[in-house]
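Now for the letters of each chain:
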Amino acid sequence: MLLLQTLRWGPQHGYGLVQALRLHSGEALQVETGSLYPALHRLERQGWVRSAWKHTESKQRAKFYQITAAGKKQLASDLSRWQRTVEAIGSIMHREPEGDEA
């Protein structure tokens, strides 16, 4: 879900995705390349992401990933499920105890 959301901001190569996730999470998310590329390959096999070889600003050849229409649809579904989960957890965490039970 986080990779798809990050790719909504525009096509990006792997290192750029890692940096964007780190920056936009306030340094809380540190994604290792050992887990990033398998995840990107899974997203690509599912048709949610496509890739193409291009040159970076520093003229290095890199694979750039871009979200597809199917990926945007999947992201909307994931986001809806995520919001329901957050609400459910929030309602449990903010519920006042009944009697002396914790």
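(A) Main features of the nonpolar core. One finds Leu 3 and Leu 4 to be the most contacted residues of the largest nonpolar core, which totals 15 residues. Of all the elements in the fold, those that place two or more residues in this core are helix H1 (2-8), helix H2 (14-24), helix H3 (33-45) and strand E3 (61-67). Tallying contributions element by element places H3 first for this core, with 4 residues. Discounting chain neighbours no more than four positions away, the residues touching Leu 3 are Leu 17, Leu 21, Leu 36, Ala 39, Leu 40 and Leu 43.

(B) Highlighting the packing of H2 against H3. It is the contact of H2 with H3, at a shortest axis distance of 11 Å, that shows an interaxial angle of 110°. Taken together, H2 and H3 sit at an angle that is classed as roughly perpendicular. Here H2 runs over H3; the crossing is right-handed. The segment H2 lies against H3, with Gly 14, Tyr 15, Leu 17 and Val 18 engaging Leu 36, Tyr 37 and Leu 40. Of the residues belonging to the contact of H2 with H3, the class tally is 6 nonpolar, 1 polar and no charged.

Parameters at a glance
Residues numbered from 1 in each chain as written. Predicted model: local features only at pLDDT ≥ 70, side-chain atom pairs only at ≥ 80, totals over all residues. Heavy atoms only, no water. Core = buried A, V, L, I, M, F, W, Y, C linked by side-chain atoms within 4.5 Å. Buried < 20%, exposed > 50% of the residue type's maximum accessible area, 1.4 Å probe, protein only. Helix = DSSP H or I, 4+ residues; strand = E, 2+ residues; numbered from the N terminus. Contact = heavy atoms within 4.5 Å. Axes fitted to C-alpha atoms, helices over the stretch in contact; angles between N-to-C directions. Parallel < 35°, antiparallel > 145°, perpendicular 65-115°, else oblique. Left-handed = near helix turned anticlockwise from the far one by under 90°. Nonpolar A, V, L, I, M, F, W, Y, C, P; charged D, E, K, R; others polar.

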